[in-house]
Amino acid sequence: MAEKVVAETEELPKTIVRRVVKEKLSQLSREGEISVLREALLALSESSRIFIHYVSATESKRQTINAEDVFKALEEIEFAEFVEPLRASLEDFRQKNAGKRSGSRKVKETKKGEEDTHVENGDDGKHPENNDDKHDAPDNE
């Protein structure tokens, strides 16, 4: 039996595939968490990888593929029913990340403001108890 070997760089991360599959199956199951055999995960991972290559090849006219290119490719390969749910998921993702980005921006601005305040006061912002300069020379008393 000939086995096709896929380069490791082309494989999807197994832990992510496992997490996605188990989360989705758990949502659909009335019995809670479902066990997924290793071969099933491998088959899903390989199917996903091939699907990604197929969609990418459909819309490979440029160096960079964006979300709209993927939506267009899905319509071209007759998977148009996935476009609207994917658009909704993408919008949710963007909104969640926009909140994270604005939160990290606020933290950076706060830190920058604190640094500016320390510099204005002639302080380097370091706490004296953490300053190890006093321990550089040995004590000869």
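Residues numbered from 1 in each chain as written. Predicted model: local features only at pLDDT ≥ 70, side-chain atom pairs only at ≥ 80, totals over all residues. Heavy atoms only, no water.

Asker: Report on helix H3 (residues 67-76), specifying residues and quantitative values.
Answerer: Since the α-helix advances by 3.6 residues per turn, residues separated by three or four positions end up pointing in the same direction. Every buried residue of H3 is listed here: Asp 69, Phe 71, Ala 73 and Leu 74. Where H3 starts, the residue carrying a side-chain oxygen 3.1 Å from the main-chain nitrogen of Glu 68 turns out to be Asn 66. Directly after H3, the chain includes Glu 78, whose backbone phi takes a positive value near 65°. (Buried < 20%, exposed > 50% of the residue type's maximum accessible area, 1.4 Å probe, protein only. Helix = DSSP H or I, 4+ residues; strand = E, 2+ residues; numbered from the N terminus. Polar contact = N/O pair within 3.5 Å; in protein donor to acceptor, adjacent residues only side chain to side chain.)

Asker: Outline the side chain of Ser 45, listing residues and values.
Answerer: As for its placement among the helices and strands, Ser 45 is situated in helix H2 (residues 38-58). With sequence-adjacent residues up to four places away left out, Ser 45 is seen in contact with Leu 12 and Val 17. (Contact = heavy atoms within 4.5 Å.)

Asker: Kindly report on the packing of aromatic side chains, identifying the contributing residues and their values.
Answerer: For the structure on display, the rule yields 2 aromatic pairs. Among the aromatic residues, ring-to-ring pairing joins Phe 51, Phe 79 and Phe 82 into one connected group. (Phe/Tyr/Trp six-rings, centres within 6.5 Å; stacked < 30°, edge-to-face > 60°.)

Asker: Got a sec to walk through the packing of H2 against H3? Specific residues and values, please.
Answerer: Where H2 contacts H3, the axes come no closer than 9 Å and their chain directions differ by 100°. By the angle class used here, H2 and H3 are roughly perpendicular. Here Phe 51, Val 55 and Thr 58 of H2 lie close against H3, whose contacting residues are Val 70, Ala 73, Leu 74 and Glu 76. Partitioning the contact of H2 with H3 into residue classes produces 5 nonpolar, 1 polar and 1 charged. (Axes fitted to C-alpha atoms, helices over the stretch in contact; angles between N-to-C directions. Parallel < 35°, antiparallel > 145°, perpendicular 65-115°, else oblique. Nonpolar A, V, L, I, M, F, W, Y, C, P; charged D, E, K, R; others polar.)

Asker: Describe the confidence of the model for the protein chain, and please don't skip the residues or the numbers.
Answerer: As a note on interpretation, predicted positions should not be read in detail where pLDDT is low. Here the protein chain shows a mean pLDDT of 76. Residues at 70 or above account for 63%. Ranking the helices and strands of the protein chain by mean pLDDT puts H3 first, with 90, and helix H4 (residues 83-120) last, with 75. (pLDDT = per-residue confidence, 0-100.)

Asker: Residue-level account of the nonpolar core, with values.
Answerer: The biggest cluster of nonpolar side chains holds 6 residues, and these are Val 55, Phe 71, Ala 73, Leu 74, Ile 77 and Val 83. Residues contacting Phe 71, with those up to four places away along its chain left out, are Val 83, Leu 86, Arg 87 and Leu 90. (Core = buried A, V, L, I, M, F, W, Y, C linked by side-chain atoms within 4.5 Å.)

Asker: Can you break down the environment of Arg 87 residue by residue, with the values?
Answerer: Checked against the element boundaries, Arg 87 lands in helix H4. Since its relative accessible area comes to 28%, Arg 87 is described here as partly exposed. In this view, Arg 87 contacts Glu 68 and Phe 71; residues no more than four positions away in its chain are not counted. Within polar-contact distance, the side chain of Arg 87 engages the side chain of Glu 68 at 2.8 Å.

Asker: Any chance you could break down the pattern of salt bridges for me, citing the residues and the numbers?
Answerer: Tallied over the entire structure, the rule returns 4 salt bridges. Among the ionic pairs, Lys 14 bridges to Glu 11, the shortest N-O distance being 3.1 Å. Classification of Lys 14 as exposed rests on a relative accessible area of 53%. Linking Glu 46 and Arg 49 is a salt bridge whose minimum nitrogen-to-oxygen distance equals 2.7 Å. Of this pair, Glu 46 and Arg 49 both sit in helix H2, 3 residues apart, which is roughly one turn of that helix. Look at the salt bridges and you will find they share partners, linking Glu 68, Glu 84 and Arg 87 into a network. (Salt bridge = Lys/Arg side-chain N within 4 Å of Asp/Glu carboxyl O.)

Asker: Break down the packing of helix H1 (residues 14-28) against H2 for me, with residues and values.
Answerer: Contact geometry for H1 and H2: axes closest at 10 Å, N-to-C directions at 105°. By the angle between their axes, H1 is roughly perpendicular relative to H2. Along its contact with H1, which presents Val 17, Arg 18 and Val 21, the element H2 presents Leu 41, Leu 44 and Ser 45. Of the residues assigned to the contact of H1 with H2, the class counts are 4 nonpolar, 1 polar and 1 charged.

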